[in-house]
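The chain contents come next:
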Amino acid sequence: MIETIASAALAVGEALNIRKKRIKNGTGRTRLSLVTGTHGDELEGQYLTYLVGSYLEKHIDMLDGIIDIYPALNPMGIDSITRGIPMFDLDMNRVFPGSKDGTMTEVICNSIVEDILGSDMCVDIHSSNIFLKEIPQIRISVPTAEALIPYAEMMNVDLIWVHESATVLESTLAHTLNSRGTKTLVVEMGVGMRITKEYCYQLFDGVLNLMKNLGMWKGDVNGIHKPLLSVNRNVGFVNSDAAGIFVPCVNFGDTVRKGEHIGDVVDPLSSQIVENVNAVSDGIIFTLREYPVVYGGSLLARILETSEGEEVL
Amino acid sequence: MKKSILFSLRSPYREQLDVYGYTFGHGRKTLAIVGAMRGNEVQQMYVCSRLVREMKKTEAAGKIADDCEIMIIPCVNYYSMNIGKRFWAMDNTDINRMFPGYDQGETTQRIADGLFRNLQGYEYGIQFASFYQQGNFLPHVKLMDTGFTDSELMKDFGLRYGIIRRPRPYDTTTLNYNWQIWETKAFSVYANATDTIDEDSADEVFYAVLRFMKNRDIADTKVQPGFSTDLINESETHQVQSEKAGIFTSAVDIGKYAETGDILGRITDPFDGEIISEIRSPISGTVYFEYQNPLINENTVCFKIIKG
Ligand SMILES: [Zn+2]
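These numbers come from a predicted model, not from an experiment.

Q: It is not clear to me how the domain arrangement of chain B should be interpreted in this structure. Could you clarify?
A: How large an interface is tends to be reported as the accessible area lost when its parts come together. All names here are of chain B. Each assigned domain of chain B is listed with its residue range as follows: domain 1 (2-228) and domain 2 (236-307). If you average the C-alpha positions of domain 1 and of domain 2, the two centres end up 30 Å apart. Counting from both sides, the interface comprises 12 residues of domain 1 and, opposite them, 14 residues of domain 2. In total, about 1,200 Å² of surface goes out of reach between domain 1 and domain 2, with carbon and sulfur atoms giving 58% of it. On the surface where domain 1 and domain 2 come into contact, there are zero salt bridges. For the pair domain 1 and domain 2, the number of links is four residue pairs in polar contact (both at pLDDT 80 or more). The biggest single contributor to the side of domain 1 that touches domain 2 is strand β6 (residues 135-137), with three residues. Classifying every residue of the side of domain 1 that touches domain 2 gives five nonpolar, six polar and one charged.

This is the structure in structure tokens:
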């Protein structure tokens, strides 16, 4: 069943509609919401929600509960390759919880929150941005870590990154839902404007496994691997100091040692290497820059400390 | 006057971005003024440039108070200005959402950091701000209420209204908010237009800043007395939103008084021209904001009214 959960008239000839699909079977009342498309340049969630939706419809007898799929919280953004909300230059994930009688965007955000609330669990799928590639991971803020880590471990991701909470992040969908009683996991994976099929398959197994654990799935699930946990591990940030073209000489997922050469920033005009980029710490490269043009400050890589012999990817 | 580079950033293909500060007077850091942090804040840069010119004359005439230093930064983000973008062009981030900044962080965090290091320690801070929506404002001064700055100080600008805003989570990374956390009494001054230059309101805020300097004994310039400022909580102002979408026309001028029920604007169907909505004032008061764009969506703030 497809339903419009929020709508607003646009100036000329059309309305902005936020739609969801409900897949339901059996007598179970457990409800899982899969949401994505808050950032219009992040597309990994489009394929993942397609995979989950089409599989459940084919194996509907195995479902006992309710799955709500919200593929596009920012449909105009996805339609026009715009990260924020077109026309407003607004990051939609800084407008939650919205308000009933606010601006168009606030009203829509409010309707989205109201519609998702009541779910037992929500998974909000993001895919980095066009600049950086990320391993499949779940990001959790410190205050919610204890409650969410057991569920995050069911999702077949490679990493659970527990980060400090910041006031500015109180305006995210995940913070809003978590603070109002719907446990919400934020997935980050892949890279903007692209679909990484293997990550979508990996998360597909994770979603089915989560459903199994929530008692909503009677079918089989594939083996799940246990993610690394960022707690008590150093995360090294490698930022560019120079401006130019970044060319890495390591691969995404490689294990590196502190000081190891991981790439160069080059200047095609002067034919010079303007910066030798070295690893700031030991560990695996779990974030790597995809977009080559850099300024001083551009993030080039993140390195997660690993123990001897620890396998990740 | 001293012109100095406060912060520089190299670009892969363009001339280096140099953020300039103009300082006047000597001694205690008394007042810092920041203009355009976004690429469309032309009016904000323009007002600053006029202040720089005025302060040159004021300094030459010996009218800046002893032991007072004033710094003016007309434009931070001219990179975006020169290519018609509002935010940092590479990643569309907003410098005014990056404070206090981080010198090891992303590009706009580094810019915010470089700027903020130079802005700390001033007793007063003024930022020429702009609204995210296209529209006209009655020039006013706004205070982000962190509990640090005395709202009565807004009266020294002599603008008609001083508006007190309760900070929301997304305000905590703005310059105004962080200035106050670092103990600078900070104000945002709104000067009507953004992308264009509006001489009348530029005049109004130019003189308001000079008035503030005079009333605070920072610099003595010739300036006429202003209004006696009404201080208002932002939550007490009334927003009027569009109930329909289509072509918008305003029927009032900002600064005008509207009675309850007066027509403020109209929305017509973009295809057949029929009037589909008459926007009427829900209260009696002064119109201090009007939306300015021929096209309007549903639930868009089209007027703001101060009761009374
Ligand atoms: Zn995202």
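Q: Before we go on, may I ask you to explain the interface of chain B and chain A in this structure?
A: Across the contact, 35 residues belong to chain B and 36 residues belong to chain A. Note on chain B versus chain A: buried area summed over both sides is about 2,900 Å², and carbon and sulfur give 58% of it. Ranking the residues of chain B by area buried against chain A places B:Pro12, B:Met90 and B:Asn297 at the top, with a combined share of 20%. Taken together, the connections running from chain B to chain A amount to two salt bridges. Put simply, A:Glu106 and B:Arg168 hold a salt bridge, and the shortest N to O gap is 3.7 Å. Our count for the chain B to chain A interface comes out at 10 residue pairs in polar contact (both at pLDDT 80 or more). Of all the elements in the fold, those that place two or more residues in the side of chain B that touches chain A are α3 (107-119) and β17 (295-296) of chain B. Its residues placed into classes, the side of chain B that touches chain A shows 16 nonpolar, 12 polar and seven charged.

How each quantity is defined
- Residues numbered from 1 in each chain as written.
- Chains lettered and ligands numbered in written order.
- Predicted model: local features only at pLDDT ≥ 70, side-chain atom pairs only at ≥ 80, totals over all residues.
- Heavy atoms only, no water.
- Domains from an automatic or database assignment.
- Contact = heavy atoms within 4.5 Å.
- Buried area = accessible area lost by both parts, 1.4 Å probe.
- Salt bridge = Lys/Arg side-chain N within 4 Å of Asp/Glu carboxyl O.
- Polar contact = N/O pair within 3.5 Å; in protein donor to acceptor, adjacent residues only side chain to side chain.
- Helix = DSSP H or I, 4+ residues; strand = E, 2+ residues; numbered from the N terminus.
- Nonpolar A, V, L, I, M, F, W, Y, C, P; charged D, E, K, R; others polar.

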